[in-house]
Amino acid sequence: MLSDSNQQDRWEKRYLDGKTGWDRGGPSPALEFGLARMPCPPARVLIPACGRGYEIAELASRGYRVTGVDFAQSAVTDLQEILQAQQLKADIVASDLFAWEAEKPFDVIYEQTALCALEPQQWPEYAERLYRWLHPGGLLIGAFMQTHRAGGPPWHCALETVEELFPVDKWDWPEQKDRTIAHPSGLKELAITLKRCK
Ligand SMILES: C[S@@+](CC[C@H](N)C(=O)[O-])C[C@H]1O[C@@H](n2cnc3c(N)ncnc32)[C@H](O)[C@@H]1O
């Protein structure tokens, strides 16, 4: 199910109006947590709904081969400028995640406040795509937004919902499920790393 054009326009407008409360201006602390679990460079990493993608620059500087996808053209342009200024290379695609396909599966997907930005009716298809975009045994490093309120975006990604979207017959779950990361909005994200079953 493609996103409707209003969704794309709304996100682009947020960037144009500077209403980007989620933007840290640098890599999230969740990345350090993820890096401790990631395979070594030059593993291939996908960052869906990457926004200005500071994590992409950080991973590229460490030798990872990174792909970022986002449909907000301003964010993509800003990200390309960030990469160029640091003389870093990454594959940046301006596209709706539901119109894009991976040429080959990735070793790692770093999912940071992407699920919460999508409409909940898109979540099951998005979860299927994440599964398809990873190698068997690949890692999904997730930072799932916790708003504890109705409506969105950002939508509340309750642990129970995440468990339904990423079921144990398809994903290996860690024992610890309560690790949180502070978000610039004052909210918290649940940091969970899942492994795609073989
Ligand atoms: C809350 S921002 C998070 C950006 C980035 N992950 C971060 O943490 O800074 C959500 C991002 O999702 C993008 N987005 C939302 N729906 C999308 C879709 N269907 N396809 C591609 N990008 C999408 C928006 O353009 C926006 O950049």
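Coordinates for the structure precede this section.
How each quantity is defined
Residues numbered from 1 in each chain as written. Predicted model: local features only at pLDDT ≥ 70, side-chain atom pairs only at ≥ 80, totals over all residues. Heavy atoms only, no water. Helix = DSSP H or I, 4+ residues; strand = E, 2+ residues; numbered from the N terminus. Buried < 20%, exposed > 50% of the residue type's maximum accessible area, 1.4 Å probe, protein only. Contact = heavy atoms within 4.5 Å. Near = heavy atom within 4 Å. Polar contact = N/O pair within 3.5 Å; in protein donor to acceptor, adjacent residues only side chain to side chain. 1 Å grid on protein atoms, 1.4 Å probe; cavity = no way out; pocket = protein on both sides within 12 Å on 5 of 7 lines; lining within 4 Å. Sits in = over half its atoms within 2 Å of the grid points. Nonpolar A, V, L, I, M, F, W, Y, C, P; charged D, E, K, R; others polar. Salt bridge = Lys/Arg side-chain N within 4 Å of Asp/Glu carboxyl O. Phe/Tyr/Trp six-rings, centres within 6.5 Å; stacked < 30°, edge-to-face > 60°.

On to the side chain of S95, then. Residue placement: S95 occurs in the loop between β3 (91–94) and β4 (106–112). For S95, a relative accessible area of 14% puts it in the buried group. Residue contacts for S95: discarding those within four places in its chain leaves V69, D70, F71 and W100.

The buried count for helix α3 (residues 54–61) comes to 6 of 8 residues, which makes it a mostly enclosed element. Listed in full, the buried residues belonging to α3 are Y54, E55, I56, A57, L59 and A60. Check the buried side of α3 and you find it contacts α2 (29–35), β1 (44–48), β2 (65–70), α4 (73–85), β3 and β4. Directly after α3, the chain includes G63, whose backbone phi takes a positive value near 95°.

Let us look at the environment of A191. With respect to the helices and strands, the residue A191 is situated in strand β8 (residues 188–196). Relative accessible area serves as the criterion here: at 3%, A191 is assigned to the buried category. Expressed as a C-alpha distance, the spacing of A191 and R179, which sit 12 residues apart in the sequence, is 5.5 Å. Look past the residues within four positions of A191 in its chain and what remains in contact with it is F33, G142, R179, T180 and I181.

Taken together, 18 residues lie near the ligand, and Y15, A49, D70, D96 and Q112 sit nearest. Between the ligand and the protein, one listed contact pairs a nitrogen atom with a backbone N or O atom of A49 at 2.9 Å. In the environment of the ligand, an oxygen atom lies 2.6 Å from a nitrogen or oxygen atom belonging to the side chain of D70. More than half of the atoms belonging to the ligand lie within 2 Å of the grid points that define the largest pocket. The class makeup of the residues in the shell around the ligand is 11 nonpolar, 5 polar and 2 charged.

A separate point is the pattern of salt bridges. Across all of its chains, the model carries 10 salt bridges by this definition. One salt bridge in this structure joins R62 and E32, with 3.3 Å as the shortest N-O distance. Of this pair, R62 sits in the loop between α3 and β2 while E32 sits in helix α2, and the two are 30 residues apart along the sequence. We classify R62 as partly exposed; its relative accessible area is 37%. Among the ionic pairs, E125 bridges to R129, the shortest N-O distance being 3.0 Å. A residue pair is termed a helical-turn pair when its members lie 3 or 4 positions apart in one helix, as E125 and R129 do in helix α5 (residues 123–133) at 4 residues. One salt-bridge network, in which partners are shared between bridges, spans E101, E125, R129 and R132.

Note on aromatic pairs: each is described by the distance of the centres and the angle between the planes. This structure, assessed with the given rule, holds 7 aromatic pairs. Taking the centre distance of 4.9 Å and the plane angle of 75° together, the rings of W100 and W133 count as edge-to-face. Of this pair, W100 sits in the loop between β3 and β4 while W133 sits in helix α5; the two residues are 33 residues apart in sequence, bridging distant segments of the chain. For the pair formed by W100 and W133, the shared burial category is buried.

As far as function goes, none of this settles anything; it's purely spatial.
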